[in-house]
Amino acid sequence: PVEPRGPYRVLLLGASGVGKTAFAGIFAGAADSMDSDDSELCGDETREKMIEVDGEPASVTLLDTWDSETGVEWAQECYMPTGDAYLLLYSVTDRASFLRASELRITLRRLRPAQHTPIILVGNKCDLVRRREVSVSEGRTCAAVFDCKFIETSAAMQHNVWDAFHGIVRQLRLRRDSK
Ligand code: GDP
């Protein structure tokens, strides 16, 4: 039998309104009711869950308490380094959120200078085709510059969201196995 690993702490980062709450809802299994307040049961919005990735169980704690608009500098400095891995979200319909993701990546690099910190740049809301402000190739290029993985998702359509969660677990395992 394979021992479960973790729990891995995965932090959702990104500007307000990009879909962090929606991601957390899908992770928690409340996808049908994105606006339900089931999450209140979890208090600090910390959710721990056992998920299976590539046939191996992994325990993941997803944290979405971050709000980069209201988060003051000291909170950022305290909170950001506590993750094992990061989903760095922006909305493809909001260029300012894309720039915010870049800033957050730079802050992360300063606070978590270790090589190979698992990070996925996530371009959410790809269902909103006509409101798109950030192209796929811009997202991909940005991820290459920042040395992280890239995925486009739609929390509304539940497209690629689990791929993002699974991808981050795979990266955590690669890092674990290379130690
Ligand atoms: P947060 O501030 O980052 O937690 O963002 P929320 O998860 O609260 O999402 C902000 C708004 O965008 C809400 O009205 C969501 O329903 C909506 N939203 C989130 N993800 C998507 C998506 O993939 N597509 C569309 N069309 N709307 C989304």
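A brief look at the structure comes next. Not measured: the values here are computed from a predicted model.

**Focus: the layout of surface pockets**
Argument step 1. Considering only enclosed or pocket space, the largest pocket measures out at about 430 Å³ in volume.
Argument step 2. In terms of lining residues, the largest pocket is bounded by 18 residues, among which Gln115, His116, Thr117, Pro118 and Asp147 are the most central.
Argument step 3. Mapped onto the lining of the largest pocket, the elements with two or more residues apiece are helix H3 (95-111) and helix H5 (161-177).
Argument step 4. Residue classes in the lining of the largest pocket are distributed as 7 nonpolar, 5 polar and 6 charged.

**Digging into the state of the cysteines**
In a disulfide, the sulfur atoms of two cysteines are covalently bonded to one another.
Argument step 1. One pass over the full model with this rule turns up 0 disulfides.
Argument step 2. The cysteine Cys142 is free of any disulfide, with Cys148 supplying the nearest cysteine sulfur at 6.8 Å.
Argument step 3. Its relative accessible area of 12% is what places Cys142 among the buried residues.

**Remarks on the environment of Leu88**
Argument step 1. Tracing the sequence through the fold places Leu88 in strand S4 (residues 85-91).
Argument step 2. Taking relative accessible area as the criterion, Leu88 reaches 1% and is therefore assigned buried.
Argument step 3. Distance in space between the C-alpha atoms of Leu88 and Phe98 is 9.7 Å, their sequence separation being 10 residues.
Argument step 4. If we skip the residues at most four places from it in the chain, Leu88 touches Leu13, Ala101, Leu104, Arg105, Ile119, Ile120, Leu121 and Val122.

Thresholds, definitions, all that
Residues numbered from 1 in each chain as written. Predicted model: local features only at pLDDT ≥ 70, side-chain atom pairs only at ≥ 80, totals over all residues. Heavy atoms only, no water. 1 Å grid on protein atoms, 1.4 Å probe; cavity = no way out; pocket = protein on both sides within 12 Å on 5 of 7 lines; lining within 4 Å. Points joined across faces, edges and corners; volume = space filled by probe spheres on them. Helix = DSSP H or I, 4+ residues; strand = E, 2+ residues; numbered from the N terminus. Nonpolar A, V, L, I, M, F, W, Y, C, P; charged D, E, K, R; others polar. Disulfide = S-S within 2.5 Å. Buried < 20%, exposed > 50% of the residue type's maximum accessible area, 1.4 Å probe, protein only. Contact = heavy atoms within 4.5 Å.

By themselves these figures say nothing about function.
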